[in-house]
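Analysis of the macromolecular model
Spelled out from the first residue to the last, the chains are:
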Amino acid sequence: MKILFVASEAAPFVRSGGLGDVAGALPKAFAELGHDARVILPFYKLIIPDKYKNNFRFVGSTYVDLSWRRQYVGVYEAIYDGVTYYFVDNEMYFKRDRLYGNFDDGERFAYFSKAVLEVIQLIGFYPDILHCNDWHTALTPVYLDVFYRFAEEFRNIRTVFTIHNIEFQGKYGTELLGDILGLPQWAESLVMNDGCVNFMKGGIECSSAVTTVSETYANEILDPYYSYGLEGILSERRYKLHGVINGIDTKVYDPATDPALFKNYTLRSYGKKKLNKQALCEMLDLPYDENRPLMAMVTRLTEQKGMDLVGAVIDEIMRADIQMVVLGTGDWRYENLVERVQGQYPSKFRGIVQFSSDLASKLYAASDLFLMPSKFEPCGLSQMIAMAYGSVPVVRETGGLKDTVEPFNPVEKTGVGFTFKTYNSYDMLDAVWRAYGTFFDKDNWKAVVSNGMKKNFGWEVSAKKYLDIYAGIR
C-alpha cells in the first residue's frame, strides 16, 4: 500500500509534542510492515539538528494558487530510517523563529495543505492513502475534493484525518474564505462551523475516515464537554470515526539503551534503577533515601494537564514522606506555583521550569511514581514511557490514560497503575495515597512495576489497526 503521511511536524527533524512523535514513528512502522510510507511536512527554518539538512536533496519546484496568490513551492527530499520525507520550501511562510503562534498561521497552513497536492504531481507519487493530521493539514482533503478529484490520478486517493487534540481547530474569521482559501461559494459550507471558518471541520467533513488517538477519546469528543463545539459534525459523521491508541518508539524509549540515563537497566536488572534515583537526587541536591518514593511529572504546566488539581493539594502531598520533581513549562501561574513549592519544601520538591529530553529520561528512570492527572488526554505518551522505565503511573481515567493504564488489583496482582475518575483534587490525592501505600508493600510493588515494564506499547499493533481502517475504506 502507498501511504503519504501529511503533518506539520515529524521527529527527528522537528517536533513540539506528540504529533511529531507519531509522524516520526507510525510511517516507520508501516515501512517495516512492507508498505511504501512517506511523509511530507514544511521545511522550517527550525529543522533540527542542522546535520539533517546536509542530507537533503532538491527535487524540484512548482507553484500553488491560493486565492489570488500564486506561491512558490520548493521540494526537498531526505531518507531516514527507511522512510522518505518531503519538505515543502517557502521561506515567506516557514522561515520563522517558531512553528506555531504566528499572526498568519491560517494562511501558512492553508498554503501547505494545498501545496501537498501540487507536490504529489511533481514527485509522481499518487498514494492509496493520504493521511492528514490535525488542523494544520485539515484543508488537504477539502482541496482534494474541490479542485483535484477531476484528474484521473487523484480520483481513487482515499483520505484519513486524525484528530490529535480537538481543542486546537484552526478557527478564523470568514474573511479567509475569499482572500486566502479561495474556495468556490458552493464549497464554503465545508469549512464553516458556528459562524467562523474551521479548518478541522473541513477535514472531518471531507475525509474518507476520521481517527483519533485512543478509543476512549473517540467517544469523549462526541460530548460537548470535550468537543469544543464540534460535537454536531462528529455525531453526524460518527460512522467514519475510529479510535486507535498511539504507540511509542521502543528503541528510543528503552531503559536498557537510553544514553541519557545514569545507569541502564532492564526488568531483570531492575535493582539498578535505584542508582538513577540516587544520581538524580545528587544532581538536584535532594536528600536520597531508597525507601522514600519519588514522584515525577514531565508535563506542560497547564490546567489541561491537571496542574490546578496538583496545586490544590500539594501541601497534603508534601506532608507525607515523599519527594516530587516537576519538569516542564507553561502558564505563568503554574510556573510560579512550582517555584513557590520548591522554596517552601526545599528537601522534598524540585520544580524545573524548562523542557529537556535528557532530563525527562532521567526522571522517568529515577522516579517510582509518575503523576498525570489530566483534565483530558487524547492519548498521552508519558504514561507509556514511564511504565517502560518502571515508574508506576497515577492517572485520571480519561482518553488514552484510561485505555493504557489498567488499575492495579492487589488481590489478583493485575494492572499497571493507579487511577481516579472525577476531575477532583481529592480523588487524585486518594489515588496518590493508594500508590504511596503500595510502594511499601514490596510484593505488590514488584508486581505492578513488572506488569508495566512487560507491556508492549510498540507501534506495530497500532500500525496494523490503521492498515485495517485503510483497507476498509470504500
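Residues numbered from 1 in each chain as written. Predicted model: local features only at pLDDT ≥ 70, side-chain atom pairs only at ≥ 80, totals over all residues. Heavy atoms only, no water.

Before going further, it helps to spend a moment on the overall build of the protein chain. Looking only at helices and strands, one finds 18 helices and 18 strands in the protein chain. Taking 2.2 N^0.38 as the reference for a compact globule, 474 residues should give roughly 23 Å; the C-alpha atoms of the protein chain span a radius of gyration of 23 Å, in line with that estimate. Oriented by its inertia axes, the alpha-carbon framework of the protein chain measures out at about 65 × 45 × 40 Å. Relative to its full complement of 474 residues, the protein chain shows a buried share of 60%. If you take every contact in the protein chain between residues at least 6 apart in sequence, the share linking residues at least 24 apart comes to 71%. Of the roughly 18900 Å² of accessible surface on the protein chain, a fraction of 49% belongs to carbon and sulfur atoms. On the protein chain, the mean spot of the 52 positive side-chain charges and the mean spot of the 59 negative ones are 4 Å from each other. (Helix = DSSP H or I, 4+ residues; strand = E, 2+ residues; numbered from the N terminus. Rg over C-alpha atoms; globule rule 2.2 N^0.38 Å. Buried < 20%, exposed > 50% of the residue type's maximum accessible area, 1.4 Å probe, protein only. Contact = heavy atoms within 4.5 Å. Areas by Shrake-Rupley, 256 points an atom, 1.4 Å probe, with all protein chains shown as cover. Lys, Arg positive; Asp, Glu negative; His and termini not counted. Charge placed at Lys NZ, Arg CZ, Asp CG, Glu CD.)

Summed over the entire model, instances satisfying the criterion amount to 34 aromatic pairs. Judged by centre distance (5.3 Å) and plane angle (75 degrees), the rings of Phe439 and Trp445 are edge-to-face. Note on Phe439: relative accessible area 3%, which makes it buried. Aromatic side chains Tyr466 and Tyr470 sit 6.4 Å apart centroid to centroid with 40 degrees between the ring planes, which places their arrangement in the tilted category. (Phe/Tyr/Trp six-rings, centres within 6.5 Å; stacked < 30°, edge-to-face > 60°.)

Further remarks concern the nonpolar core. In this structure, Tyr111, Leu130 and Leu181 are the most contacted members of the largest nonpolar core, which totals 96 residues. Here this core gets 9 residues from one element, more than from any other, and that element is helix H3 (residues 105–123). Not counting chain neighbours up to four residues away, the residues in contact with Leu130 comprise Leu4, Val6, Val116, Leu117, Ile120, Thr140, Leu144, Ile157, Arg158, Thr159 and Val160. Listed in part, the 74 residues of the second largest apolar core include Val326, Phe349, Cys379 and Val448. (Core = buried A, V, L, I, M, F, W, Y, C linked by side-chain atoms within 4.5 Å.)

All told, the structure shown has 0 disulfides when counted by the stated rule. The thiol of Cys196 is unpaired, and the distance to the nearest cysteine sulfur, on Cys206, comes to 16 Å. Residue Cys196 is classed as buried on the basis of its relative accessible area of 14%. As a non-bridged cysteine, Cys379 has Cys132 as the owner of its nearest cysteine sulfur, 20 Å distant. (Disulfide = S-S within 2.5 Å.)

Once that is clear, we can look at the sheet that holds strand S9 (residues 192–193). A sheet is described by the order of its strands in space; here 3 strands give the open sequence S8-S10-S9, paired in antiparallel fashion. With one partner strand each, in any of the chains shown, strand S8 (171–172) and S9 form the two edges of the open sheet. Across the sheet, helix H6 (residues 199–206) touches S8, S9 and strand S10 (196–198), and the angle it forms with S10 is around 55 degrees. (Pairing = 2+ DSSP bridges. Axes fitted to C-alpha atoms, helices over the stretch in contact; angles between N-to-C directions.)

By themselves, these observations are geometric and do not establish any function.
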